[in-house]
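The primary structure of each chain is shown beneath.
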Amino acid sequence: PISADPRLRAKADGAHDVLMLVNDVSEWRRLERMRSEFVANVSHELKTPIAAIRGFAETLLDGGVDEEAQQKFLQTIYDESMRMGNLVSDLLELSKLEATDSRVDPVAVDLYEVLERAVDRIGPTASERGIRIVIPPRDPVQVWAEPDMLLQVFLNLLANAIHYSPPQSTIRVTWDVLVDRIKVHVQDNGIGIPQESLDRVFERFYRVHKDRSRASGGTGLGLAIVKHIISSLGGEVGVESEEGKGSDFWFTLSRLDRPVSARSR
Ligand code: ADP
């Protein structure tokens with residue numbers, strides 16, 4: 001309770017200031033810890049491909065490697081440099097998102113049109129593995145979003161669905177029209193995610209399937225980017241999954257055409 005005695009009041013205010021300061025300091029420490037963990041993670045992620053590139057290049061320079069092995073080493077050098085390129089693009093994407101965080105200006109976007117663009121772009125990767133992407137029948141649905149950001153969300157979710165699914169399987173994109181939102185699902189019949197990891201897959205650099213992520217050139221940042229974009233558009237993201245059965249990644253966005261309520265009709 002706040003005392004009526006001015007001297008005690010001053011004391012209470014002082015204590016409050018000290019408490020605020022302590023809170024600020026611990027918040028600052030937390031952010032500082034997150035920042036240095038992030039830098040450590042990035043350095044680690046870069047060290048691995050650099051070590052591989054250097055090692056294989058040295059072996060090639062030393063000579064005495066037969067042509068078949070040469071081809072294999074060059075392929076590894078190529079793959080690892082691609083991985084570094086992906087990492088740098090994802091890092092740039094994240095820092096761009098952080099810089100524009102509060103300045104996203106959602107506009108009316110046709111969800112179907114953006115999905116079509118994503119499928120056109122990623123279709124060839126799916127076809128290489130005989131994977132089919134099934135999308136809803138053409139039906140314009142307007143949401144509040146930013147077209148390039150929404151495209152990125154679809155590309156990241158579809159790329160994951162492809163990479164973590166067996167050949168010849170099917171990926172389905174569907175949506176539920178709710179009262180004021182649209183809930184979009186990207187479902188696969190892939191390897192799934194264990195229950196204890198479900199909360200963590202949206203964290204930066206968290207990977208469940210490390211080898212598989214590596215093999216597909218994954219950066220561990222795709223879902224962190226998805227979460228960042230969707231929350232800056234005011235939506236939510238989540239995942240339901242069963243190991244060995246498949247995953248259902250979903251996100252929500254505000255609808256543009258809220259239905260006319262019964263009373264105002
Ligand atoms: P990555 O580049 O490693 O795919 P993401 O941030 O996109 O990074 O995903 C984080 C981790 O979540 C992945 O390493 C993978 O273990 C898991 N994951 C993501 N999408 C799927 C999916 N559709 N099916 C199974 N596991 C997935």
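Residues numbered from 1 in each chain as written. Predicted model: local features only at pLDDT ≥ 70, side-chain atom pairs only at ≥ 80, totals over all residues. Heavy atoms only, no water.

**Brief notes about the nonpolar core**
- Core analysis: the biggest nonpolar cluster contains 54 residues, and Leu-111, Leu-150, Phe-154, Leu-158 and Phe-251 have the highest contact counts within it.
- At eleven residues, helix 4 (residues 147–163) tops the list of elements feeding residues into this core. (Core = buried A, V, L, I, M, F, W, Y, C linked by side-chain atoms within 4.5 Å. Buried < 20%, exposed > 50% of the residue type's maximum accessible area, 1.4 Å probe, protein only. Helix = DSSP H or I, 4+ residues; strand = E, 2+ residues; numbered from the N terminus.)

**A few points about the site of the ligand**
- In the vicinity of the ligand lie 20 residues, with Asn-160, Tyr-164, His-209, Ser-213 and Thr-219 positioned nearest.
- For the ligand, a nitrogen atom lies 2.9 Å from a polar atom in the side chain of Asp-188.
- Gly-220 has a polar backbone atom sitting 2.9 Å from an oxygen atom of the ligand.
- When the free accessible area of the ligand is taken as 530 Å², the share hidden by the protein chains comes to 97%. (Near = heavy atom within 4 Å. Polar contact = N/O pair within 3.5 Å; in protein donor to acceptor, adjacent residues only side chain to side chain. Areas by Shrake-Rupley, 256 points an atom, 1.4 Å probe, with all protein chains shown as cover.)

**Points about the sheet that holds strand 4 (residues 170–177)**
- Spatially, five strands are ordered 2-4-5-7-6 in an open sheet, and the strand pairing comes out mixed. Taken across any chain shown, the strands that pair with only one partner, and hence form the sheet edges, are strand 2 (132–134) and strand 6 (237–242). Strand after strand, the sheet turns through a mean of 15 degrees between neighbouring axes, direction not considered.
- Here eight bridges tie strand 5 (residues 181–188) to strand 7 (residues 246–254), and the two strands are oriented antiparallel to one another. Paired with Lys-183 across the bridge in strand 7 is Thr-252.
- Along the sheet, helix 6 (residues 222–232) makes contact with strand 6 and strand 7, crossing strand 7 at roughly 25 degrees. (Pairing = 2+ DSSP bridges. Axes fitted to C-alpha atoms, helices over the stretch in contact; angles between N-to-C directions. Contact = heavy atoms within 4.5 Å.)

**With respect to the packing of helix 4 against helix 6**
- At a closest axis distance of 9 Å, the pairing of helix 4 and helix 6 adopts a crossing angle of 145 degrees. Here the hand of the crossing between helix 4 and helix 6 comes out left-handed. Residues Met-149, Gln-152, Val-153, Asn-156, Leu-157 and Asn-160 of helix 4 touch helix 6, and the partners they reach there are Gly-222, Leu-223, Ile-225, Val-226, Ile-229, Ile-230 and Ser-232. (Left-handed = near helix turned anticlockwise from the far one by under 90°.)

**Notes on the packing of aromatic side chains**
- Per the stated rule, a full pass over the model turns up five aromatic pairs.
- Ring geometry for Phe-38 and Phe-205: centres 6.0 Å apart, planes at 35 degrees, overall tilted. Of this pair, Phe-38 sits in helix 1 (residues 6–62) while Phe-205 sits in the loop between strand 5 and helix 5 (210–215); the two residues are 167 residues apart in sequence, bridging distant segments of the chain.
- Aromatic side chains Tyr-112 and Trp-175 sit 6.5 Å apart centroid to centroid with 90 degrees between the ring planes, which places their arrangement in the edge-to-face category. Of this pair, Tyr-112 sits in helix 3 (residues 111–128) while Trp-175 sits in strand 4, and the two are 63 residues apart along the sequence.
- Sitting over the face of the ring of Trp-250, Lys-183 holds its NZ or CZ atom 4.4 Å from the ring centroid.
- Above the face of the Phe-38 ring, Arg-204 is positioned so that its terminal group lies 4.8 Å from the ring centre. (Phe/Tyr/Trp six-rings, centres within 6.5 Å; stacked < 30°, edge-to-face > 60°. Lys NZ or Arg CZ within 6 Å of the ring centre and 35° of its normal.)

**Re the environment of Ile-230**
- Within the element layout of this structure, Ile-230 appears in helix 6.
- A relative accessible area of 1% means that Ile-230 is categorised as buried.
- Linking Ile-230 and Leu-150, residues 80 residues apart in sequence, is a C-alpha distance of 8.2 Å.
- Setting aside residues up to four positions removed in sequence, Ile-230 forms contacts with Val-153, Gly-235, Glu-236, Val-237, Phe-251, Thr-252 and Leu-253.

**Considering the pairing of strand 3 (residues 142–145)**
- Of the two faces of strand 3, only the one carrying Val-143 and Ala-145 is buried; Gln-142 and Trp-144 on the other face are not.
- Sheet analysis places strand 1 (residues 107–110) next to strand 3, joined by four bridges and oriented antiparallel. Residue pairing for strand 3: Ala-108 is matched across the bridge by Trp-144.

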